[in-house]
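Here's the letter readout for the chains.
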Amino acid sequence: MSLLTALVALAADPVPPSSSSGPGPGGASAQHHHNQGQPFTGWPLGDLEAPGALLAAAASLARRAANGDKELIFMATGSDANSLSVTNNSLVTLATLGLRRHVMLLADGWQTCEVLRAVLYGPCFWSSRMLRRQPADSITLRKFWDFRFRFYYIKKKYMALLVEGGYAVLQADTDTVWMHDPFRMLRLMRDASLVIMRDVGIANAGVVYARPGSMSALRLLDEVAWRVQLLQNHPEIVARIVPFARPPYYANSDDQSLLNDAIVSAVLRNRTFLGSTARYEGRNKYNPAGPDWASQPEAQAHKEQLRAMWKLQKRSSVVCPWAGAVGPSSRASYVRLPIRGGDAVALAPRSLFAHLPYSAGNAITHLTAARGFAAKVATLRKMAKWDPLGSQVDAPAKVDPGAAEAEQAADAAAAGKWEKNAQEKRNATRLRERIIQREKRNAHTPSRPVGESKRLAHHAKQHKESQLTETPPVGAGGKAGGKKSRGGGGRRMLH
C-alpha cells in the first residue's frame, strides 16, 4: 500500500475494518508491521500508556551517542490527509540524515496507527490518555479547538517522562525540514540541559530539546504539561489566578505561551502566570468584554519580570559542525537563561533551530511562518523540499565514528579562539569608552590663548625647579635653629 493510497483510505474511512486476526489495533496490521522487519512493539496495542510502554518504545528507537547520550526524536501527527502528508515529508528529510529510525511518532489514535503501520518505515504509537473531545468550555477551546490541542499536554508530559528516564529528547513539529544532524551541535552545548527554538517574546514550543540535567529543568517541562492540563480541564481556575478575570474565561492553554511563562518562572524562581494567562483575560479580539490589559498593574509587573529575566542572560558560543559544508567555518552564539542547579535554558542559535527564510546552513527549519497547508506546500516546493511520497529508508550515516571526538576538539579550540577575540573586543570597547570620556572632559574645559598656555607652562616649570632646590627656611630672627615659622621645618609649602 502506498502512502497516497493510505491517505485516501484514511480520509474516506478513518476507522479501518477489523482484521481477520481480531478487531482493534492488536490485529493483522500489528503483525504485518512485525513481519516487515521493524522493531516489534512488545507492548499492548501500541498504547504508550500501557505500563512500561513509553520507556520500552524509547529503548527500541534511541541512538546511543559516543558521549553516552541516548538520543531520540519525538513527533506527533493528526489523522487528516494534510497533516499526514506534511509529517511524511518531514520524515523523508530525516531519512536523508539517517535519523528516521530514531523517531518516536505519536498519532492521535489507534485508528490512525492502523493505517500508517502498513506504510511507515518505523512504528506508530498512540496514547489512551489523549483527549478525544473538547474537555471544557473556555474562549480558547471554543474558538481554536482542533487536533493540536489534543497533543499539547501529552507531548510535554511524555517528554518530561522520557528525560526522567535518561533520554535526550528532541521534540519537533512535523512542519520541519531537516538538513543536518542537530544532535552534533546539541552534544557540544553542555552548559544547558534545555535548548529551545527562539521566537518573538522568548521561545517557540515547536522545537524543544531536553536531556537529563538538573531537577529545575525537569520541573520546567512538568510545569508546562501541568499548566496545559489545568487550563484545558478547569478554565474556572483562572478566577483564582487572575484577580480581574470574569467569565467566560479565556483560559489560554496554548503550549507556547505557557512555556514562556514557565521559563520566566524558572529563571526568576517565582511562579508567574502573567504573560500566558493574565494577559489573555484582558480585552482582545476574542474577549472583547475583558478589561484593558495595559491599564492593569499586572501588565507593568509582567514588563518588570521580563526585564529582570533578560538582565540575567549569559552569552555562550558553540562550533557549528556542518559550517564547512555550507560556507566558512564559524562559531554560533546563543543566549543562556540560568536556572537552579547550575543549569540553564539555552535559546538555540539560528544555525541549529531556524524560522523561515530557509537556508541550507541551518540544521532544522520550522515552517511556522507559513500559515496553512497550502502555504507550507508552496514554501516547501520553493525550497525544493516537497516530497511526501519519498523514501523513509535511512541513508547511510554521513558522519564517521570519530567525528564526535573531532568535533569536541574543534569546539574546544574554537572556544579558545572565540574567547580571545571576545576579550580583544572587550578591550577595544573599553579603550573607545575612555577616549570618548576624555573627549567629553576636554570639550567642557575652556580653551586658553596660545601665549597664555606657554606662559603658564613656563611658570609651572620654574616652580618645579625651585621646589627641587629649596632649602629649609630659618627660624625667627634669622638664626638657624630658632623657632620655626609656619610651613618651616623643611616641609615644602602647599600651593
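Structure's up top.
Analysis parameters
Residues numbered from 1 in each chain as written. Predicted model: local features only at pLDDT ≥ 70, side-chain atom pairs only at ≥ 80, totals over all residues. Heavy atoms only, no water. Helix = DSSP H or I, 4+ residues; strand = E, 2+ residues; numbered from the N terminus. Buried < 20%, exposed > 50% of the residue type's maximum accessible area, 1.4 Å probe, protein only. Contact = heavy atoms within 4.5 Å. Phe/Tyr/Trp six-rings, centres within 6.5 Å; stacked < 30°, edge-to-face > 60°. Core = buried A, V, L, I, M, F, W, Y, C linked by side-chain atoms within 4.5 Å. Pairing = 2+ DSSP bridges. Axes fitted to C-alpha atoms, helices over the stretch in contact; angles between N-to-C directions. Parallel < 35°, antiparallel > 145°, perpendicular 65-115°, else oblique. Left-handed = near helix turned anticlockwise from the far one by under 90°. Nonpolar A, V, L, I, M, F, W, Y, C, P; charged D, E, K, R; others polar. 1 Å grid on protein atoms, 1.4 Å probe; cavity = no way out; pocket = protein on both sides within 12 Å on 5 of 7 lines; lining within 4 Å. Points joined across faces, edges and corners; volume = space filled by probe spheres on them. Salt bridge = Lys/Arg side-chain N within 4 Å of Asp/Glu carboxyl O.

Colleague: Help me out: how do you make sense of the overall build of the protein in this one?
Modeller: The number of helices and strands found in the protein is 17 helices and 13 strands. Taking all 495 residues of the protein together, 47% fall into the buried category. Contacts in the protein between residues far apart in sequence, at least 24 positions, make up 68% of those at least 6 positions apart.

Colleague: Explanation requested: the packing of aromatic side chains in the structure shown.
Modeller: The geometry of two aromatic rings is summed up by the distance between their centres and the angle between their planes. One pass over the structure, following the stated rule, counts nine aromatic pairs. When the ring of Phe183 is compared with that of Tyr209, the centres are 6.2 Å apart and the planes differ by 70°; the resulting orientation is edge-to-face. Of this pair, Phe183 sits in helix α8 (residues 183-186) while Tyr209 sits in strand β8 (residues 203-210), placing them 26 residues apart in sequence. Residue Phe183 shares its accessibility class with Tyr209, and that shared class is buried.

Colleague: I'm lost on the environment of Leu170 in this one. Help?
Modeller: The residue Leu170 is located in strand β5 (residues 168-172) in this model. Taking relative accessible area as the criterion, Leu170 reaches 0% and is therefore assigned buried. Sequence separation between Leu170 and Ile73 is 97 residues, and the spatial gap between their C-alpha atoms is 4.8 Å. Non-local contacts of Leu170, meaning those with residues more than four positions away in its chain, are made with Leu72, Ile73, Phe74, Trp178, Pro182, Phe183, Val207, Val208, Tyr209, Phe353 and Ile364.

Colleague: Would you explain the nonpolar core in this entry?
Modeller: Note on soluble globular proteins: their nonpolar side chains tend to be buried together. Ranked by internal contacts, the top residues of the largest apolar core, which has 63 residues, are Met104, Leu220, Leu259, Ile263 and Leu337. When neighbours within four sequence positions are excluded, Met104 is seen to be in contact with Leu48, Leu54, Ala57, Ala58, Leu61, Leu72, Ile73, Phe74, Met75, Phe125 and Leu162. Within the second largest apolar cluster, 44 residues are counted, among which are Cys124, Ala168, Met185 and Ile364.

Colleague: Help me understand the sheet that holds strand β12 (residues 353-355), please; the structure alone is not making it clear to me.
Modeller: Sheets are built from strands that pair by backbone hydrogen bonding, the pairs being arranged parallel or antiparallel. Here we have three strands laid out as an open sheet, ordered β6-β13-β12, and mixed in their pairing. Both edges of this open sheet fall to β6 (176-178) and β12, since each of them pairs with a single strand only. Strand-to-strand twist of the sheet, defined as the mean angle between neighbouring strand axes without regard to direction, takes the value 25°. Pairing geometry for β6 and strand β13 (residues 364-366), over three bridges, is antiparallel. By the bridge assignment for β13, Val177 is matched with Thr365.

Colleague: What's the story with the packing of helix α9 (residues 215-233) against helix α11 (residues 255-268) in this structure? I'm lost.
Modeller: A pair of packed helices is captured by two measures, namely the crossing angle of their axes and the spacing between those axes. Interaxial distance between α9 and α11 falls to 9 Å at its minimum, and their mutual angle equals 135°. Comparing their axes, α11 and α9 come out oblique. Helix-helix and strand crossings are classified by hand; for α9 and α11 the assignment is right-handed. For the pair α9 and α11, contact is made by Leu220, Glu223, Val224, Arg227, Val228 and Leu231 and by Asp255, Leu258, Leu259, Asp261, Ala262, Ile263, Ser265 and Ala266, respectively. Across the contact of α9 with α11, the residue classes break down as nine nonpolar, one polar and four charged.

Colleague: Teacher, can you tell me more about the layout of surface pockets here?
Modeller: Rolled over the atoms, a probe with the dimensions of a water molecule shows which regions are left empty. Taken as a whole, the largest pocket spans an internal volume of roughly 1500 Å³. Lining the largest pocket are 49 residues, with Arg148, Tyr152, Asp254, Thr368 and Arg371 positioned closest to its centre.

Colleague: Would you mind showing me how to read the pairing of β5 here?
Modeller: Successive side chains on a regular strand alternate, one facing one side of the sheet and the next facing the other. In terms of residue burial, β5 counts as a mostly covered element, since five of its five residues are buried. Alternating positions in β5 separate into two faces, Ala168, Leu170 and Ala172 on one and Val169 and Gln171 on the other, with burial throughout. Two elements, strand β2 (residues 70-77) and β5, share four bridges in a ladder whose sense is parallel. Note that in β5 the partner of Glu71 across the bridge is Ala168.

Colleague: Hey, could you run me through the pattern of salt bridges in this one?
Modeller: Close approach of charged atoms allows side chains with opposite charge to pair. Evaluated as defined, the whole model comprises 16 salt bridges. Note that Glu49 is salt-bridged to Arg129, the shortest N-O span being 3.2 Å. In this pair, Glu49 is assigned in the loop between α2 (28-35) and α3 (53-61) and Arg129 in the loop between β4 (124-125) and α6 (139-144), connecting sequence segments 80 residues apart. For Arg129, a relative accessible area of 37% translates into the label partly exposed. Of the charged contacts, one joins Glu223 and Arg227 as a salt bridge, the two residues approaching to 3.0 Å between their closest N and O atoms. Highlighted residues: Glu223 and Arg227, both in helix α9, separated by four residues, approximately one helical turn. In this pair, the class of Glu223 matches that of Arg227, namely buried.

This is a description of form; function is not addressed.
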